[in-house]
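Structural characterization, general
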Amino acid sequence: MSFDEELEPQHPAKPKAFKEVNIEALSIEEIKEYIEHAKKEILRAEAEIKSRKALRGDANLLFKD
């Protein structure tokens, strides 16, 4: 293992796929709650992507030749 590899953060294995929710077993109200939760998760994921892109852009400017 190289020195650079030792400095890399070690992440646990990521799931290959997300589990689907059996919405057929949910009430209408539960489905509405599930949709609201999913919308919040989408916003959270989009914010994370935006943050990472900004960080990468800052790093690229810092290390630009």
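Quick caveat, the model's predicted, so the values are computed rather than measured. (Residues numbered from 1 in each chain as written. Predicted model: local features only at pLDDT ≥ 70, side-chain atom pairs only at ≥ 80, totals over all residues. Heavy atoms only, no water.)

Overview of the overall build of the chain
A tally of regular secondary structure across the chain gives two helices and zero strands. Accessible area of the chain: about 7,100 Å², with a carbon and sulfur share of 59%. (Helix = DSSP H or I, 4+ residues; strand = E, 2+ residues; numbered from the N terminus. Areas by Shrake-Rupley, 256 points an atom, 1.4 Å probe, with all protein chains shown as cover.)

Some points on a nonpolar patch on the surface
A grouping of Val21, Ile23, Tyr34 and Ile35 is seen on the molecular surface, where their side chains present a nonpolar patch of about 300 Å² in accessible area. Among the structural elements, Val21 can be located in the loop between α1 (3-7) and α2 (28-62). Judged by its relative accessible area of 36%, Val21 falls in the partly exposed class. (Patch = residues over 30% accessible without salt bridge, like charges linked within 9 Å, V, L, I, M, F, W, Y side chains within 5 Å. Salt bridge = Lys/Arg side-chain N within 4 Å of Asp/Glu carboxyl O. Buried < 20%, exposed > 50% of the residue type's maximum accessible area, 1.4 Å probe, protein only.)

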